[in-house]
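Coordinate analysis (summary)
Letter by letter, the chains look like this.
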Amino acid sequence: STCGFSPDSKKVLSGGEDNLVIEWSAVNAKRLATIQGHEAPIKGCCYSADGRRIITVSTDSMAIMWDAISKREICSFACLSRI
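The structure contained in this document is the topic of the report that follows. (Residues numbered from 1 in each chain as written. Predicted model: local features only at pLDDT ≥ 70, side-chain atom pairs only at ≥ 80, totals over all residues. Heavy atoms only, no water.)

For the rest of this paragraph, the subject is the pattern of salt bridges. Summed over the entire model, instances satisfying the criterion amount to 4 salt bridges. A salt bridge links Lys 43 to Glu 17; its shortest N-O distance comes to 3.8 Å. Here Lys 43 is found in strand S5 (residues 42–47), whereas its partner Glu 17 is found in the loop between strand S2 (11–15) and strand S3 (21–25), with 26 residues between them in sequence. In this structure, Lys 71 engages Glu 23 in a salt bridge whose closest nitrogen and oxygen atoms are separated by 3.0 Å. Highlighted residues: Lys 71 in the loop between strand S7 (62–67) and strand S8 (73–78) and Glu 23 in strand S3, separated in sequence by 48 residues. Classification of Lys 71 as buried rests on a relative accessible area of 16%. (Salt bridge = Lys/Arg side-chain N within 4 Å of Asp/Glu carboxyl O. Helix = DSSP H or I, 4+ residues; strand = E, 2+ residues; numbered from the N terminus. Buried < 20%, exposed > 50% of the residue type's maximum accessible area, 1.4 Å probe, protein only.)

In structure tokens:
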């Protein structure tokens, strides 16, 4: 499992064995969004320093950049080694 806070500390990302990244409100613990796109467990997730992007990495050897508002994939990168 992994997690990461937004730069303003108002949101939290969590990722785990279900291949999903969940965005939560750090204020009231409500689920805000679900991000799907990986084919294996999530090993890392974080917001960019400006909070506009989300980066996720998985044991599917992919790193994906998402738009933090729309949750749409911007681009993906194949990793050269297993994560």
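The topology assignment puts Ser 25 in strand S3. Judged by relative accessible area, Ser 25 falls into the buried class, the value being 12%. Remark: the alpha-carbon pair of Ser 25 and Val 12, spanning 13 residues in sequence, is separated by 6.4 Å. Setting aside its immediate chain neighbours within four residues, Ser 25 contacts Lys 10, Lys 30 and Leu 32. (Contact = heavy atoms within 4.5 Å.)

Let's shift gears to the sheet that holds strand S1 (residues 2–5). Read from one edge of the open sheet, 4 strands run S1-S2-S3-S4, paired in antiparallel fashion. Two strands lie at the open edges of the sheet, namely S1 and strand S4 (31–35), each paired on one side alone. Going across the sheet, the axis of each strand differs from the next one's by a mean of 20°, ignoring polarity. The sheet contact formed by S2 and S3 spans 5 bridges and is antiparallel. In the strand pairing of S3, Val 12 is matched with Trp 24. (Pairing = 2+ DSSP bridges. Axes fitted to C-alpha atoms, helices over the stretch in contact; angles between N-to-C directions.)

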